[in-house]
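Residue-level listing of the chains:
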Amino acid sequence: MIKKHEIYKKDKWNMMTVEVQGRYIVLREISDQWGEETHTFMSRPALMHWAQNRFPKEDFEGREDEWRDMMAAFKQV
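Residues numbered from 1 in each chain as written. Predicted model: local features only at pLDDT ≥ 70, side-chain atom pairs only at ≥ 80, totals over all residues. Heavy atoms only, no water.

Participant: Is there a simple way to explain the packing of aromatic side chains in this structure?
Facilitator: Geometry of an aromatic ring pair is reported as the spacing of the ring centres plus the angle between the planes. Enumeration according to the criterion identifies five aromatic pairs in this entry. Ring geometry for phenylalanine 41 and tryptophan 50: centres 5.9 Å apart, planes at 55°, overall tilted. Look at phenylalanine 41 and you get buried, because its relative accessible area is 9%. Overall, the relative accessible area of 17% leaves tryptophan 50 in the buried class. (Phe/Tyr/Trp six-rings, centres within 6.5 Å; stacked < 30°, edge-to-face > 60°. Buried < 20%, exposed > 50% of the residue type's maximum accessible area, 1.4 Å probe, protein only.)

Participant: How do you make sense of the layout of surface pockets when you look at a structure like this?
Facilitator: The computed volume of the largest pocket comes to approximately 320 Å³. Around the largest pocket, the lining comprises 19 residues; the ones closest to its centre are Tyr8, Glu29, Ser31, Arg54 and Phe55. Broken down by secondary-structure element, the contributors of at least two residues to the lining of the largest pocket are β3 (24–31), β4 (35–41) and α2 (64–75). With three residues, the top contributor of residues to the lining of the largest pocket is β3. Taken together, the residues that form the lining of the largest pocket break down as seven nonpolar, four polar and eight charged. (1 Å grid on protein atoms, 1.4 Å probe; cavity = no way out; pocket = protein on both sides within 12 Å on 5 of 7 lines; lining within 4 Å. Points joined across faces, edges and corners; volume = space filled by probe spheres on them. Helix = DSSP H or I, 4+ residues; strand = E, 2+ residues; numbered from the N terminus. Nonpolar A, V, L, I, M, F, W, Y, C, P; charged D, E, K, R; others polar.)

Participant: Looking at this structure, how should I read the nonpolar core?
Facilitator: Here is a general trend for soluble globular proteins: nonpolar side chains tend to be buried in one another's company. One finds Ile7, Leu27, Trp50, Phe55 and Phe74 to be the most contacted residues of the largest nonpolar core, which totals 19 residues. Of all the secondary structure elements, the ones that give two or more residues to this core are β2 (15–21), β3, α1 (44–54) and α2. Leaving out residues up to four positions away in the same chain, isoleucine 7 has contacts with Met16, Val18, Met70, Ala73, Phe74 and Val77. (Core = buried A, V, L, I, M, F, W, Y, C linked by side-chain atoms within 4.5 Å. Contact = heavy atoms within 4.5 Å.)

Structure, rendered in structure tokens:
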């Protein structure tokens, strides 16, 4: 059974989805600058570690609510 989670979606190009495929967690990051990147994780802690490194809180100064919402979405996976 595949469970799909939407982390964020700004338009049809700037979005991030996570699919739980059995014991694998597959993250697809699509951006208008870089195209599509796919990351596969074996555990939720590995996913959270990647998310906190990919989206450091310092990059969201003045937009802390956006960062909190994104981290909450990752935690719900």
